[in-house]
Structures are given as C-alpha cells and as structure tokens.
Amino acid sequence: MKRVLLTAAVALLIPSLLGAWTPTLGVYLDGRLTYTPAGPYTMFKAHLAIVQSEYYVTGVEYSLVTPNDPTHLQFGIIGYEYSPNYALHLGDPWIGHAITFWPPLTGYPEGYDVMVTYLCMTFVPCAEMWDYPIVVSPDPTTGQLRGTYAPDNNFFSIVGLSSYLCIDAIAVEEESWGAIKSMYR
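Cut-offs used in this document
Residues numbered from 1 in each chain as written. Predicted model: local features only at pLDDT ≥ 70, side-chain atom pairs only at ≥ 80, totals over all residues. Heavy atoms only, no water. Patch = residues over 30% accessible without salt bridge, like charges linked within 9 Å, V, L, I, M, F, W, Y side chains within 5 Å. Areas by Shrake-Rupley, 256 points an atom, 1.4 Å probe, with all protein chains shown as cover. Salt bridge = Lys/Arg side-chain N within 4 Å of Asp/Glu carboxyl O. Helix = DSSP H or I, 4+ residues; strand = E, 2+ residues; numbered from the N terminus. Disulfide = S-S within 2.5 Å. Buried < 20%, exposed > 50% of the residue type's maximum accessible area, 1.4 Å probe, protein only.

Peer 1: Any details on a nonpolar patch on the surface? Residues and values, ideally.
Peer 2: A surface patch of nonpolar side chains, amounting to about 220 Å² of accessible area, comprises Val51, Tyr112 and Val114. Tracing the chain through its elements places valine 51 in strand S3 (residues 43-51).

Peer 1: I'd love a proper account of the state of the cysteines, names of residues and values included.
Peer 2: Here a disulfide denotes one covalent bond, and it connects the sulfur atoms of two cysteines. Across all of its chains, the model carries one disulfide by this definition. Between cysteine 126 and cysteine 166 runs a disulfide, and the two sulfur atoms are separated by 2.0 Å. Between cysteine 126 and cysteine 166 the disulfide shows an S-S torsion of about -65 degrees. By sign, it is left-handed. Pair noted here: cysteine 126 is in the loop between strand S8 (112-122) and strand S9 (132-137) and cysteine 166 is in the loop between strand S13 (162-165) and helix H2 (177-182), with a separation of 40 residues, a long-range link. Like cysteine 166, cysteine 126 is buried.

Peer 1: A description of unusual backbone geometry should follow, citing residues and the corresponding values.
Peer 2: In this chain, tryptophan 102 is followed by proline 103 through a cis amide linkage whose omega measures -5 degrees. Mapped onto the fold, proline 103 is located in strand S7 (residues 96-105). Along the chain, alanine 150 connects to proline 151 via a cis peptide bond; the corresponding omega equals 10 degrees. One can find proline 151 in the loop between strand S10 (146-149) and strand S11 (154-157). Here aspartate 30, not a glycine, exhibits a phi torsion of approximately 60 degrees, which is positive. Structurally, aspartate 30 can be placed in the loop between strand S1 (24-29) and strand S2 (34-35). Not every positive phi belongs to a glycine, and histidine 72 is a case in point at roughly 60 degrees. Here histidine 72 shows up in the loop between strand S4 (57-65) and strand S5 (75-82).

Put into structure tokens, the structure is as follows:
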C-alpha cells in the first residue's frame, strides 16, 4: 500500500518538478493507473497515452517492463489497436517499441492522445499478483524514452509512468473523534 501511495505521489510530483510541459507516457487502465481485473482469463483494455500540450508528436519509442514477472506468465498483451493517426510501428512493447504518427498527435482538446489500445489478460488470480507493476521504460535498443515532434522530427524527453494491476485494498484504522482532535493540539 505504501508503494502505491508513493508511486502516485511521485507520478504527480515528477512532472511538476520538471516543468509544466514535460510529457508523460503511461498505460491507463479504465482511465486510471490502477485496475483490478474481474478474474483470470478475462479480457480488458489498457491504453498507452501521452499526456502533453506542447508538441505535435510524430513518434515515440518506449518499452513496457513488468519487474515482478519478466517472462509474462501472469499478464499478457493479446492484441493491439492503434490510433487512427498511426503510420508505422517497429518492435514489440516488451522488447522495445517505436510508433510513428501522421498527421501528428496534438493533445487537443483533451490534453492527451491514446497511441495504442492493448487487449490484455491476466493468467492467474489477483491473489497471486498483488500490486503488479507495468512500467513504461526506455527502449532497450537505444536506452531512450523519447518522442519526436513536427515539423523536423526533433527529439523530446518523456517521463514514463507506472501502472498497477490487482491493487491491494487500502487499510483503514478506526479511531475515535477525540483521538483525531488530539492530533491537532
């Protein structure tokens, strides 16, 4: 639980420290960075989205890493649906993936663009994979997590986010109202 709160705090803190216009790339599950699947062998969708408002994005390079399951025996990507602006892709999300877009992605009006929708599935119950991270990391072939933007396809840096499957329930302790008031004296 502490790891989830720390990850959420870091995910919100890093972009603000690096500047208001630093793009982030994350795997969003049902619109959030956390999700608990209904059960094993149940399909669900995850969306790779870039959150930005400065660049006309023509391409990205990244990799997905699951540190707790490097061979992907608990979680898998079954299929892909690319953005309508999709032009070309090279590689695979697990070993390094590059995607290009034309016309460029602008982030307008929502402030984000969905680049790929993954059709996903877990192969074990959540009880066997609590707080399962999916980390957007640099492409291992180049060592970079970056994008390109129009008109000259110059590079820009991207901050990768972590998503979590099968989040453990938040622990809550019961306290009396008097104990809570005494904290502020």
